[in-house]
Each structure stands twice: as structure tokens, then as C-alpha cells.
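Okay, here's what each chain looks like letter by letter:
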Amino acid sequence: MLRDLRIRAMLTQEELAALSGVSERQIREIESGRVPVPRAGTVRMLAGALNLSPDDRAAFQHAAQGDAGRPPAPEQLPADVDGFTGRAEALRALDAAASAVVAVSGPAGVGKTSLAVHWSHLAAPRFPDGRLYVDLRGFSRHDAMEPAEVVRGFLDALGVPLDRVPPGLTAQVALYRSHTAGRALLVVLDNARDAEQVLPLLPAGPAARTIVTSRRRLTALVAGTGATALTLDVPDLPEAVELLGRRLGPGTTRTRRGDAVAAIAAACGRLPLALALVGARAQLTGFPPDAIATELRNPHGRIAALEIDVVFSWSYDALSRDAARLFRLLGLVAGADIALASAAALAGRALPEVRRTLAELTDASMVVEHAPGRYRMHDLLHAYAAERVRAEESEAARQEALTRLLDHYTHTAYHAELVLNPVRAPIPMALGAPVDGAEPKPVLDLAAAVRWLKAEYAVLLTTLRQAEEEGMHRHAWQLSWALDTFLNDERRWHDEGAAWAVALRAATAMTDRPAAAHAHRFLSAVHGRLDRFEEAHAHMREALRLSLAAGDRAGEAENRFVLSYVYWLQGDGEHALDQAGRSLSLFTEIDDPYWAGKAALAVGWYLSELGSLQEALPYHLQALELQRRAGDRPNELVTLDTLGLLHQRLGDPMSAIPHFRRGLLLAGPTDHQALRAQLLGHLGDASEAVGDPETAREHWREAYEIFRGLGHPHAADLRRKLQA
């Protein structure tokens, strides 16, 4: 809890009120992007409208304006389409569009994404301030992206530090719009569900351009923004023949084989996805067009327009046994994509073997390696794979594959969580050993943990919902637990709450009252972070009821520990202190030194924050004694750090220094790197306070290098100290 308090979001208000002379109408116009405002003025106005303190206002301006004088130029476009052919009229329409938004609609598999990506690469020089791209997954059954998730990702790509991103969608969108105002920026919003999903993601200013693709016409978007509407149909026969001919080889359309190519294109319904599959099959086999046409003939000897599943079947039947099995197992995957290691777990095979199998699927255009080591398939192919896995794999085999995948994700996330938050109490629902073939990915340090979680978190959120749907409740609960610190640190509190809601339903389905109480208290904390205190207290009352009904005094004590945090978020320090004290008493009575140490530190911290510095001192010392008794090294480091800060606040930096040094000695050169960097930074502050600026800079520099290597937002603060 103390760790969470120390990274508490500085901006807690989501609503933009009419403050500092800004009307609600003006705020809405700024949000919608209809009113371009000079960037510095926008930042000042929004900071005032958010009712920020002077310090938070400066932080907001710093976030909006970036650390460097020159804003970053993100490049998120996928690779250009190899051998893109045709669509000359659509490309001209995109070039000629005068509106800031172009909405490209058309049926699945018609090539909307290929067109948008290809044009974006051609037009890239017109947008020197960067290119943003996101697949909104608007028609996915499990994981359509929420606007808040996309905005946070765009802010990160635009160089806004994580600790400068406000918590609410309204404030995030305002920051995004202020950060894009005046920039020549291209934004590609692929596979959109509806206008509601798109509107918060539109950049501000006339220099920006947004391309939206969707299976729907997005009439509300066109009407509301004046967007140019572009409808994409299947290519005409000459274009389809040209597209297929490029894949079949030079000259195939200009010989006697041209008729066969035209017949194949017609049989594929001129659908680019089907043409790509047929072309890939032809390249792999070396079959001439006449032989391909023969293979595609129906039982009556005619080539007519075929159902897309017939083309899929033709490609699927040509795969090797291992490739066909992996393809259909991918139909079990709910996430938008899958990493190589996860695919190996799904198949229960070794990495090198699965890498070769995925290469075969890629060559056959059945999957796409859209980023190094990450694979996805068109949703029509995914639906076909799901049909094949249900038809060809037994229920037991499907369950075994899903269990391997979920074990892989859950165990990897769990070990990443322990690296990310070493002071967290152990998981109350032990994982046990992963099943054979799950092979969790090793997570050796904080940087690796963060990299893996950032790459996988969207997939993991989808996977835990899938676990719930499949009745794999234990996995759902454990995976929710394992994602908590990352989602909190990333300020993805809505996702954090959604994950714990799944965990609560899972615990209820398992009739596991302690697990349900645990989920309720974490939901209480999440609602507190979101300033939803009525819901926070409702969840805590239920957590207390479950613990008391079961006679679970440890559970009651932990509930009161978390309740103290909720009161603190609410601005009620006295009740926070009272609940922390009651938690300490309960943990002391049941002789739990681990939790009693955490509670003693919380009491000391609340006292110090309430101004009772001398009274806080013995609780810090009590926490140290309990943590040493429990062997709780990570929390001992936190207490030593906090104790040093307490001495500094008491005006005695000389007494603070031994506590920081003791913490560094215990941390060692390689363990607990984030805590070590924190101790070094504070030791630098104390050294400066006692008149030793050279030593201070040495400690700051070492802390900066650690934080920079971890990609930690505190690196920016230390860099400013070193540059001062």
C-alpha cells in the first residue's frame, strides 16, 4: 500500500469544469478538436480547467510540452504491403481528400488495411511529426480496444512520461489533443467498431490527418466530423487478375495461361484475402495456373464463384501435419495476436520446432508475423481455424492446449509481478507447477518484466476473460492477481477493476470465500483510486462481512489495512490512521510479523503525513524489527528508505544517511534495482543537504543510470537534478 501511495496519480479529477474563465462549451470544443488553440495556451487553459494545484499544473504543462524542445516523431505503421497492386482510384481519393478524417469502409477481407497502410507509407513525407497506428479490433468477440487504452498508448508514443498521464479519459483526451495540436501527424485507426470508439482518438489541429477503416460505414462519424467517406469493394476482375498474377509469377497473365488466372480470380470472388492464399499456395507448390484451376474445380467440373471457406480449406489441406495442427489450435486463442513462446506453449512443442511451423504458416499466408516474434491472422481465417479445431480436436485435447497456454501466461505474469513488486504479500491461491509444455518465459529483471507485460497485457486481459468463459476459474483469479501491480503502475485502473471483477466472479464460482474477500478488497482499492468512494466502501463492507463470517482474523486485518488506504485516498487521514492501527493490533495478536511490519510502517507513514513526525519514529523502528524477524527484505528496504526521509523531514539529514546506506548494503548491487535506485536518489538528496554536493551528484548519477536502464519515469527527475 505504501508503495502505491508513493506513486499516487497527481491528477484525480476527470471532469473538466468551468474554471479559470473556461466555459464548458469551450472545453467540449477543445476536446472535439474543432477549435485549434495555440499549444501553450491550450496547456495553460486545460491545466486551469482541471483545477490543479500549482505543482500539478507545472507537471501537466511539462507533460504536454515534453521533456525536450523537439517533440518525438513516432513511427507505428506496420510494414508496407509487399507487391501492393491496383486500387488506383482509391489511392487518388485518399490523396485528394480535403477533410481531416477519411473513413474507409468495406467487407471483411477486401483489403481496407492494406490500402490504408500502403497509402500511409506513400504519404509519410507529408506528415513529418510522426505516424500513429492502432488496430482497434472492433469486431473481435473478446478484445475490442477501449479508447482510454489507445489514448494512453498514443501519449506514450508521443513521449509523454507515464507519471504525467492523468487517470481519467477526459483529461487524457485533453492532454492528447493539446499534444497533437499544430502537428503534421498521421493517425491510422484500423478496424473500428463505431464512431464512439473513434471520436476520442482524433488528433487536434488542421495539420493532422486520420484514416479510419471499418466494416461499417460509420455514418455518425462522417456526419459529426465532416469526414470523407470512401467505400471499398472487391477489386474489378482486371485488378484481381493483376494482383494474383504478381503472386503467380511474371508473364502469367499475358500468355495462354491468362484465362486460367482469370478463372481462379473469379473463383476467389476477387477477394484479396482469398487471392493471397491461392497465390501463396501456388508459390509453395510451383503448380501452374491450369493445375491450380483444376484443383479448385467443383465436383461438377466447373469453376464458379466459391465460398471463401473453400479457398481456406484448399490452403489448409495443403499444410504439413504439424502446421495444420498449429493453425487450428490458434483458433482457440482469444487475443489479437500471439508471441512465439506462447504459440509453443499452446502446441506443447519446442520453440525451434514451432518457429519452423509458424514460418510455414507465414509462407502460406495463413498467419502474418506483424512484429518480430508476434503473429496474428485475419479474423476470417481465425474463425475458420476455430471451426477446424472444434471439428478435429477432441474436447480433452482442446482443454489441454488451453491449459498449457493459460499456465504459460499465468506463471510468467506471476514471476513478472514478483519482480515488479517485491514488497507484495504472497499470492493467497498458490499456483502449483505448470503443466508439461507450458514453459513459462523466464523474467530475470525489472526491465524484462515490464517489456513482457507491456507486450502482452492486452492479450492477458482478453485471456483472463476467456478463462472465465471456459470455466477455468482458478486461472482467471490467479492471472488477475498477477496483473495488479502492472495495471496500477500504468494507471490502467479501469482495466485493473475489470480484472478484479473477473476474479470475484471466479472466486464466487469456486465458492472460495477468502478469494472472494481478497477480490472485494482489491476492488475497494481500485474504486478508491478512481475516486468512487461509495463503491469502494461497499466492496470493503462485503470483504469484512466475508472475513468475519468465516472467523478469518487475518483477512479482517488485511481488509482494515486496505481500508486505511481507501480513507487516505478520500482525504480522511484520521480514519486512515485508525484503521491502520486496528490492522496492526490484529496482526500483532495473531503473531504475523510479515503483515504486522507492513501495518506498523503504514501507521508511521500516516502519522508523518499528518505532521506527527516524532510520534511516527517508533512505528518505523517497530516495522524494521518485525520485518527483520519475518525475513521480509524488500519491505525492510522500503522502511529504511522511509525512515531516512523521516529524519530529513525532522531536519536531521545526517541521521538519515545511515538508513539509506544500510538499505543499499542490504539491497546489494543486483537485487531490487528500483528500490536501490530510490535509496541512491534519496542518499544524494541527504548528501546535498549536509553540504556534500559532489557525493550527491555521484549518487544521483548512479540512480539515474539504473532508472534509465529500467525505463522508469523517475529517471527524468534525476536528469533534471544532474543538469541543474
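Residues numbered from 1 in each chain as written. Predicted model: local features only at pLDDT ≥ 70, side-chain atom pairs only at ≥ 80, totals over all residues. Heavy atoms only, no water.

**Topic: helix 22 (residues 473-489)**
Piece 1. Helix length check: helix 22 (17 residues) gives 25 Å between terminal C-alpha atoms against 24 Å at 1.5 Å per residue, within 8%.
Piece 2. The principal kink in helix 22, of about 40 degrees, is found at Leu483.
Piece 3. Within helix 22, 15 of the 17 residues are buried, which leaves the element mostly enclosed by the surrounding structure.
Piece 4. After helix 22 finishes, the residue Arg491 shows a positive phi value of roughly 60 degrees. (Helix = DSSP H or I, 4+ residues; strand = E, 2+ residues; numbered from the N terminus. Expected span 1.5 Å × (residues − 1). Bend = angle between axes of the 7 residues up to and from the residue. Buried < 20%, exposed > 50% of the residue type's maximum accessible area, 1.4 Å probe, protein only.)

**Examining the packing of aromatic side chains**
The description of an aromatic ring pair rests on the distance of the ring centres and on the angle between the ring planes.
Piece 1. Applying the stated criterion to the full structure yields 15 aromatic pairs.
Piece 2. Each ring, one from Tyr316 and one from Phe327, has its centre 5.7 Å from the other, and the planes form 45 degrees; the classification is tilted. Pair noted here: Tyr316 is in helix 15 (residues 308-317) and Phe327 is in helix 16 (residues 321-329), with a separation of 11 residues, a long-range link.
Piece 3. For Phe327, a relative accessible area of 0% gives the class buried. (Phe/Tyr/Trp six-rings, centres within 6.5 Å; stacked < 30°, edge-to-face > 60°.)

**Here's the deal with the packing of helix 15 against helix 19 (residues 379-392)**
Piece 1. Packing of helix 15 against helix 19 leaves a shortest axis separation of 11 Å and a crossing angle of 65 degrees. Viewed along their axes, helix 15 and helix 19 adopt a mutual orientation that is roughly perpendicular. Our pair here, helix 15 against helix 19, has a crossing hand that is right-handed. Each of Asp309, Phe312, Ser313 and Tyr316 in helix 15 lies in contact with helix 19, whose residues at this interface are Leu380, Leu381, Tyr384, Glu387, Arg388 and Glu392. (Axes fitted to C-alpha atoms, helices over the stretch in contact; angles between N-to-C directions. Parallel < 35°, antiparallel > 145°, perpendicular 65-115°, else oblique. Left-handed = near helix turned anticlockwise from the far one by under 90°. Contact = heavy atoms within 4.5 Å.)

**Let's talk about the sheet that holds strand 1 (residues 101-105)**
Piece 1. Reading across from one edge, 2-3-4-1-5 is the order of the 5 strands in this open sheet, with parallel pairing throughout. A strand with exactly one partner marks an edge of an open sheet, and here the two such strands are strand 2 (131-135) and strand 5 (228-231). The average undirected angle you get between the axes of adjacent strands in this sheet is 15 degrees.
Piece 2. Of the strand pairs in this sheet, strand 1 and strand 5 are connected by 4 bridges, and their pairing is parallel. Bridging across to strand 5, Val102 finds its partner in Thr228.
Piece 3. Packed onto the sheet, helix 6 (residues 112-123) meets strand 1, strand 2, strand 3 (186-190), strand 4 (209-214) and strand 5 and runs at close to 165 degrees relative to strand 4.
Piece 4. Together, strand 2 and strand 3 form the strand contacts of helix 7 (residues 147-157), whose direction differs from that of strand 2 by roughly 150 degrees. (Pairing = 2+ DSSP bridges.)

**Quick look at the nonpolar core**
Piece 1. Membership of the largest hydrophobic core comes to 142 residues, with the highest contact counts inside it found for Phe327, Leu361 and Trp477.
Piece 2. Tallying contributions element by element places helix 21 (residues 446-469) first for this core, with 13 residues.
Piece 3. Non-local contacts of Trp477, meaning those with residues more than four positions away in its chain, are made with Ile427, Pro428, Met429, Trp500, Ala503, Ala506, Ala507, Met510, Ala515, His518 and Ala519.
Piece 4. Listed in part, the 48 residues of the second largest apolar core include Ala525, Tyr567, Ala602 and Leu675. (Core = buried A, V, L, I, M, F, W, Y, C linked by side-chain atoms within 4.5 Å.)

**Here's the deal with the side chain of Ser120**
Piece 1. Turning to its location among the elements, Ser120 is positioned in helix 6.
Piece 2. Looking at Ser120, the relative accessible area reads 0%, which means it is buried.
Piece 3. Reaching out from Ser120, the side chain makes a polar contact with the backbone oxygen of Ala116 at a distance of 2.6 Å.
Piece 4. Look past the residues within four positions of Ser120 in its chain and what remains in contact with it is Leu77, Leu186 and Val188. (Polar contact = N/O pair within 3.5 Å; in protein donor to acceptor, adjacent residues only side chain to side chain.)

**Let's talk about the confidence of the model for the chain**
Piece 1. When pLDDT is averaged along the chain, the result is 85, and 86% of the positions lie at 70 or above.
Piece 2. In the predicted structure, residues 1-70 sits below a pLDDT of 50 and forms 141 contacts with residues beyond four places in sequence or in another chain.
Piece 3. Under a pLDDT of 50 for its full length, residues 299-305 has, in the predicted model, 8 contacts with residues more than four places off or in other chains. (pLDDT = per-residue confidence, 0-100.)

**Details of the pattern of salt bridges**
Piece 1. On inspection of all chains with the given rule, the structure shows 29 salt bridges.
Piece 2. The salt bridge partner of Arg388 is Glu392, with a shortest N-O separation of 2.7 Å. A residue pair is termed a helical-turn pair when its members lie 3 or 4 positions apart in one helix, as Arg388 and Glu392 do in helix 19 at 4 residues.
Piece 3. Glu490 serves as the salt-bridge partner of Lys454, at 4.0 Å between the closest nitrogen and oxygen. Remark: Glu490 occurs in the loop between helix 22 and helix 23 (493-509) and Lys454 occurs in helix 21; sequence separation between them is 36 residues.
Piece 4. By relative accessible area, Lys454 is classed as partly exposed at 41%.
Piece 5. Sharing partners across several salt bridges, the network here consists of Arg328, Arg388, Glu392 and Glu393. (Salt bridge = Lys/Arg side-chain N within 4 Å of Asp/Glu carboxyl O.)

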